[in-house]
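# Results of the structural survey
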Amino acid sequence: QVQLVESGGGLVQAGGSLRLSCAASGRSFSINYMNWYRQAPGKQRELVAGITSGGRTNYADSVKDRFTISRDSAKNTVYLQMNNLKPEDTAVYYCNAGLSLGPGRYANYWGQGTQVTVSS
């Protein structure tokens with residue numbers, strides 16, 4: 001059993017910063033990739049940023065130059081540093097991970113979500 005636990009959400013004023021964390025825990029897994037998604041009320045869930053096991057990153061155009069995804073492989077943790085936050089960044093942010101559970105065994109996991117609210 002693998003769990004993803006997110007933390008770091010909250011309320012911040014426009015122009016402020018937050019850092020989200022997502023820690024993966026469980027038995028016998030390795031991380032292939034970890035992503036951050038977000039879902040605003042009435043909108044579809046969208047990919048915000050991702051990082052592979054090799055350290056390659058990708059970002060949604062709307063967050064480039066403001067958000068930075070990083071990882072601590074020793075802690076199985078991924079971070080999302082969010083700077084210059086805008087009201088349109090308000091959403092529930094979800095951690096997503098693609099894991100290898102053994103030879104030929106792969107699984108995709110989601111965290112429970114953490115609310116980010118940016119006031120104008």
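In case you missed it, the structure is sitting above this.
Predicted, not measured: the structure shown is a model, and the values here were computed from it. (Residues numbered from 1 in each chain as written. Predicted model: local features only at pLDDT ≥ 70, side-chain atom pairs only at ≥ 80, totals over all residues. Heavy atoms only, no water.)

Let us now look at the overall build of the protein chain. Scanning the protein chain from terminus to terminus reveals zero helices and 11 strands. The linear arrangement of helices and strands in the protein chain, starting from the amino end, is β-β-β-β-β-β-β-β-β-β-β. Taking 14 Å as the expected radius of gyration for a compact globule of 120 residues, we find that the protein chain reaches 14 Å, a close match to that expectation. Overall size of the protein chain, expressed as C-alpha extent along the three principal axes, is 50 × 25 × 25 Å. The buried share of the protein chain, reckoned over its 120 residues, is 41%. Sequence-distant contacts, at least 24 apart, represent 53% of the contacts inside the protein chain between residues at least 6 apart. Of the roughly 6600 Å² of accessible surface on the protein chain, 45% is carried by carbon and sulfur atoms. (Helix = DSSP H or I, 4+ residues; strand = E, 2+ residues; numbered from the N terminus. Rg over C-alpha atoms; globule rule 2.2 N^0.38 Å. Buried < 20%, exposed > 50% of the residue type's maximum accessible area, 1.4 Å probe, protein only. Contact = heavy atoms within 4.5 Å. Areas by Shrake-Rupley, 256 points an atom, 1.4 Å probe, with all protein chains shown as cover.)

A few words now on the pairing of strand 1 (residues 2-7). Only one face of strand 1 is covered, namely the face carrying Val2, Leu4 and Glu6; the face carrying Gln3, Val5 and Ser7 is uncovered. Bridging between strand 1 and strand 3 (residues 18-26) involves six bridges; their strand directions are antiparallel. Bridging from a neighbouring strand, valine 2 pairs with glycine 26 of strand 3. (Pairing = 2+ DSSP bridges.)

On to the packing of aromatic side chains, then. In the structure shown here, the tally under the stated rule is one aromatic pair. For the ring pair tyrosine 37 and tryptophan 110, a centre distance of 5.0 Å and an interplane angle of 55° mean the geometry is tilted. With tyrosine 37 in strand 4 (residues 30-39) and tryptophan 110 in strand 10 (residues 105-110), this residue pair connects regions lying 73 residues apart in the sequence. The exposure class assigned to tryptophan 110 is partly exposed, which follows from its relative accessible area of 39%. Here the guanidinium or amino end of arginine 45 rests over the ring plane of tyrosine 94, the centre of that ring lying 3.8 Å away. Positioned above the aromatic ring of tryptophan 110, the side-chain terminus of arginine 45 is 4.8 Å from the ring centre. (Phe/Tyr/Trp six-rings, centres within 6.5 Å; stacked < 30°, edge-to-face > 60°. Lys NZ or Arg CZ within 6 Å of the ring centre and 35° of its normal.)

With that settled, the discussion passes to the state of the cysteines. Following the criterion strictly, the structure yields one disulfide and no others. Each sulfur of the disulfide joining cysteine 22 and cysteine 95 lies 2.0 Å from the other. On the S-S bond that ties cysteine 22 to cysteine 95, the torsion sits near -80°, and the link is left-handed. Residue cysteine 22 is found in strand 3, and its partner cysteine 95 is found in strand 9 (residues 91-102); the two are separated by 73 residues along the sequence. Look at cysteine 22 and you get buried, because its relative accessible area is 0%. (Disulfide = S-S within 2.5 Å.)

We now examine unusual backbone geometry. At serine 28, a position not held by glycine, the phi torsion is positive, near 55°. By the element assignment, serine 28 lies in the loop between strand 3 and strand 4. Positive phi, normally seen in glycine, also occurs at asparagine 84, with a value near 50°.

Below, the discussion takes up the side chain of asparagine 96. With respect to the helices and strands, asparagine 96 occurs in strand 9. Non-local contacts of asparagine 96, meaning those with residues more than four positions away in its chain, are made with Leu4, Tyr33, Met34, Asn35, Tyr37, Asn108, Tyr109 and Trp110.

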